Amino acid sequence: MFTLAEVASLNDIQPTYRILKPWWDVFMDYLAVVMLMVAIFAGTMQLTKDQVVCLPVLPSPVNSKAQTPPGNVDVTTNIPKMEATTDQDQHERVTSDISFDTSAVTPDIPLRARYPHPDSTAPNQEAKKEKRDPTGRKTNLDFQQYVFINQMCYHLALPWYSKYFPYLALIHTIILMVSSNFWFKYPKTCSKVEHFVSILGKCFESPWTTKALSETACEDSEENKQRITGAQTLPKHVSTSSDEGSPSASTPMINKTGFKFSAEKPVIEVPSMTILDKKDGEQAKALFEKVRKFRAHVEDSDLIYKLYVVQTVIKTAKFIFILCYTANFVNAISFEHVCKPKVEHLTGYEVFECTHNMAYMLKKLLISYISIICVYGFICLYTLFWLFRIPLKEYSFEKVREESSFSDIPDVKNDFAFLLHMVDQYDQLYSKRFGVFLSEVSENKLREISLNHEWTFEKLRQHVSRNAQDKQELHLFMLSGVPDAVFDLTDLDVLKLELIPEAKIPAKISQMTNLQELHLCHCPAKVEQTAFSFLRDHLRCLHVKFTDVAEIPAWVYLLKNLRELYLIGNLNSENNKMIGLESLRELRHLKILNVKSNLTKVPSNITDVAPHLTKLVIHNDGTKLLVLNSLKKMMNVAELELQNCELERIPHAIFSLSNLQELDLKSNNIRTIEEIISFQHLKRLTCLKLWHNKIVTIPPSITHVKNLESLYFSNNKLESLPVAVFSLQKLRCLDVSYNNISMIPIEIGLLQNLQHLHITGNKVDLLPKQLFKCVKLRTLNLGQNCISSLPDKIGQLSQLTQLELKGNCLDRLPAQLGQCRLLKKSGLVVEDHLFDTLPLEVKEALNQDTNVPFANGI
């Protein structure tokens, strides 16, 4: 047997789930408990006290065949025919037979019934005798027979509903209890509900919620005060205050409304929001992430809503079913019953009159049960009305948006919306507090406060360093925003922002008067109007690294005083048609454009900056650059770099660039350079870089490019140097490193202006004496060759500052190295054991401070 507490546990739910129980669910739970108590009480009474008592219907003295009307206990029907006899022996024989049968059933119970002696008197005399007998009419049944008849008639005469009503009521109640809370137990909905309740409770108790709502109250009071005090003095300002609905003070420059908001709104900073415990801030940020993931997970389906509707329909159908069949059987419960057990051969009687002692009690309990069921059913009907009266799969935070400053709180749908509707039936404050964690403005404010709390001015000052250009540089990486203290570093020259998706540049940047270079690496920064004005006038160099062209901020194309622009990202014209570079024509002072991307052609819109562009750099990722006709329009370009573009020949469009001074075609697939003769038309060309290609020979026509000062052929497949190269009298730098050159021609002595010679990584085994006639050589790299000896004439190179000999077959170094007064140990790249072969005074001279000798040499 189970206890009441065990059955009631079916209706029990976790206390935290009660916020999802509207008043009708709570009321139905109480009604279910009452019905459960009624069912258990009725069942207990039936098990302990329920019984029937039956008496046989004796023959009528008037008419033995008269019929007994229903419900009349004084008139009998179907009276059994008894054999009348006056023979005493016959009577005794019948009596002994009856006694024998009953003793066989219950032999241990003594006979208590007395049989009347046969009398041959008339029937009217017998009736008079019964009236005179105070003990009532006598029967021929003993106690065991009465017990037997009572049991038989309990099962035959009583209606089934009288016997099973408590159990049916118990089963119905349990079904209703399970139906009411099934959506809390079903695995696919239980996890979502549990997660929602957990997050909702944390959002309700989070200190950030209180601070955010407190800020809203402060803003409302300040706006009201501003509206009252400014109504008389600034009527125009008041008339436009209704447009200041954006919660973000840092909006893109293009949005004029956003700028007006940031300039006019009187409460951008609220003192109550500037103080937040670090632990509370971290918890709040974690809540924002949990809410975001939960919304994405729950909004995809409406299973919870459908399950709740189904269980409500089931309860309503159950109510109708119970009411229909119970109303029919309520009249079947009666105190008196007529029983015909068909055991005349055992008792001698055919009809019995029985009474049910629990009839009145069961009838009252049944009426009570029906009344409760009716109330329960009406509540179910109301629930269905509520479910279909409004669209519960949509939830609007319109009221919350109107009451708070978070006008960006999105509306939700499906199960997320349904859960919020259920919570509103409990307390609407929960949804209001929950909405704070759906607002991006709220999240940004939290990030801003936490960021400013962590990154103080002192901490930022420690991260400032000096770069290769000896400029003060600050690099911020993977932060939630830009700390306010950054803009207090007024002496900063370079600011790098990397992986900061919510970067906002406020008006405070105008106090950074030294800032001229800005790096935005995967950082689509937004700027206020005042900040944009400052950047437009002061910014000179901008680096933008992006994955998609949409990440490039729109204000970048309006920096009219920008001198250098570096773009790194996907700009494939086949995918987006260069939409990100359409506005370059506004960059009227742009001098250097560096594009590192995957271009298949030089976009025509780059030529919009051709009149003032002096340097164009295109670094491809290995994508073949097919179309270069646009280069012909860039007549003022002085430096051109086309690296890693899979070029196989020198593009003919380059020969039209009359002002070209430096050409770099690094890391391509160029095999032949017969077109090099066309460079003779480029009178200003002084530097030609064809390194990291597959060039086998240098054509003699290179001698026509007489103005060349620097020539780079490293990392190719050259096997020899033609004499024509040494006819370039202006050549100051020659780099043929990492080729297959085995000999340096003696004509190298003709290059009297040569200052830098790089032959590292070749097969040279002998240095011609004419090499040391190049007395202006400052750099001589001869490493990784097959040189066996270094001539003594090395001392003639008095201007030499760097000498590389490592990786050769040398066994000693000449003492004449001491005559190279500008050469120091730091500039001598050689094995240690070779350095030890030098005389002591030479080693001491090489180890001396470089300042004085270097100055004298200059």
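Residues numbered from 1 in each chain as written. Predicted model: local features only at pLDDT ≥ 70, side-chain atom pairs only at ≥ 80, totals over all residues. Heavy atoms only, no water.

## Section: the pattern of salt bridges
A side chain of one charge can pair with a side chain of the opposite charge if their charged atoms are brought near each other. Applying the stated criterion across every chain yields a total of 19 salt bridges. The salt bridge involving Arg401 is made with Glu398; its shortest N-O contact spans 2.8 Å. In this pair, Arg401 and Glu398 both sit in helix H15 (residues 398–403), three residues apart, roughly one turn of the helix. Here Glu662 and Lys689 are joined by a salt bridge, their closest N and O atoms 3.4 Å apart. Of this pair, Glu662 sits in strand S17 (residues 662–664) while Lys689 sits in strand S18 (residues 687–689), and the two are 27 residues apart along the sequence. Taken together, the salt bridges that share partners define one network made up of Asp302, Lys306 and Lys393. (Salt bridge = Lys/Arg side-chain N within 4 Å of Asp/Glu carboxyl O. Helix = DSSP H or I, 4+ residues; strand = E, 2+ residues; numbered from the N terminus.)

## Here we look at helix H5 (residues 143–156)
Its 14 residues give H5 an end-to-end C-alpha distance of 20 Å, which sits within 8% of 20 Å, the value for a rise of 1.5 Å per residue. Along H5, the residues that are buried comprise Gln144, Gln145, Tyr146, Ile149, Asn150, Cys153 and Tyr154. (Expected span 1.5 Å × (residues − 1). Buried < 20%, exposed > 50% of the residue type's maximum accessible area, 1.4 Å probe, protein only.)

## Points about the packing of aromatic side chains
Counting across every chain of the model gives 30 aromatic pairs. When the centroid spacing of 6.4 Å and the interplanar angle of 80 degrees are considered together, the rings of Phe196 and Phe416 count as edge-to-face. A residue pair is termed long-range when its members are at least 10 positions apart, and Phe196 in helix H7 (residues 187–205) and Phe416 in helix H16 (residues 414–426) qualify at 220 residues. Lying over the aromatic face of Trp455, Lys459 brings its terminal NZ or CZ to 4.3 Å of the ring centre. Across the ring face of Trp691, the terminal group of Lys666 is positioned such that the distance to the ring centre comes to 4.9 Å. (Phe/Tyr/Trp six-rings, centres within 6.5 Å; stacked < 30°, edge-to-face > 60°. Lys NZ or Arg CZ within 6 Å of the ring centre and 35° of its normal.)

## Thoughts on empty space enclosed by the protein
Within the structure shown, the criterion is met by one cavity of 30 Å³ or more. Volume-wise, the largest cavity comes out at about 30 Å³. Around the largest cavity, the lining residues are Val482, Phe487, Leu495, Leu497, Ile505, Ile509 and Leu518. Here the lining of the largest cavity is composed, by residue class, of seven nonpolar, no polar and no charged. (1 Å grid on protein atoms, 1.4 Å probe; cavity = no way out; pocket = protein on both sides within 12 Å on 5 of 7 lines; lining within 4 Å. Points joined across faces, edges and corners; volume = space filled by probe spheres on them. Nonpolar A, V, L, I, M, F, W, Y, C, P; charged D, E, K, R; others polar.)

## So, the confidence of the model for the chain
Within the chain, residue pLDDT values average 79, and 79% of them lie at 70 or more. Contacts for the low-pLDDT stretch residues 126–131, under 50 throughout, to residues beyond four places or in other chains number two contacts. Here residues 220–274 is modelled with pLDDT under 50, and outside its nearest four sequence neighbours on either side it reaches 64 contacts, counting other chains as well. (pLDDT = per-residue confidence, 0-100. Contact = heavy atoms within 4.5 Å.)

## Some points on the UniProt feature "transmembrane region" (unreviewed entry) in the chain
According to UniProt, the "transmembrane region" (unreviewed entry) feature falls on residues 27–47, 164–184 and 366–388. Span residues 366–388 is 100% helix and 0% strand, its end C-alpha atoms 33 Å apart. (UniProt positions renumbered as here; feature names shortened; annotations may be inferred.)

## Remarks on the sheet that holds strand S2 (residues 336–339)
Here we have three strands laid out as an open sheet, ordered S1-S3-S2, and antiparallel in their pairing. At either end of the open sheet lies a strand with only one pairing partner, and these are strand S1 (52–56) and S2. Within this sheet the neighbouring strands show an average axis-to-axis angle of 25 degrees, counted without direction. Sheet analysis places S1 next to strand S3 (residues 352–356), joined by five bridges and oriented antiparallel. Paired with Leu55 across the bridge in S3 is Glu353. (Pairing = 2+ DSSP bridges. Axes fitted to C-alpha atoms, helices over the stretch in contact; angles between N-to-C directions.)

## Side note on the packing of H7 against helix H17 (residues 428–436)
How two helices sit against one another is set out by the angle between their axes and by the gap between those axes. Two numbers describe how H7 lies on H17: the axes approach to 9 Å, and their chain directions differ by 80 degrees. Judged by the inter-axis angle, H7 sits roughly perpendicular to H17. From H7, Phe196, Ile199, Leu200, Cys203 and Phe204 reach across to H17, where they touch Leu429, Tyr430, Arg433 and Phe434. Split by residue class, the contact of H7 with H17 holds eight nonpolar, no polar and one charged. (Parallel < 35°, antiparallel > 145°, perpendicular 65-115°, else oblique.)

## Considerations on the nonpolar core
Membership of the largest hydrophobic core comes to 132 residues, with the highest contact counts inside it found for Leu642 and Phe679. Sort the elements by how many residues they give to this core and helix H20 (residues 529–538) lands first, with four residues. When residues no more than four places from it in sequence are discounted, the contact partners of Phe679 are Ile650, Ile654, Phe655, Leu663, Leu685, Leu688 and Val705. (Core = buried A, V, L, I, M, F, W, Y, C linked by side-chain atoms within 4.5 Å.)

## Re the side chain of Asn620
Topologically, Asn620 is positioned in strand S15 (residues 615–620). Under the relative-accessibility criterion, Asn620 is labelled buried at 5%. Within the structure, Asn620 has its side chain in polar contact with the backbone oxygen of Thr623 (distance 2.8 Å). The residues touching Asn620, leaving out its near neighbours within four places in the chain, are Ser597, Asn598, Leu599, Leu625, Gln643, Asn644 and Cys645. (Polar contact = N/O pair within 3.5 Å; in protein donor to acceptor, adjacent residues only side chain to side chain.)

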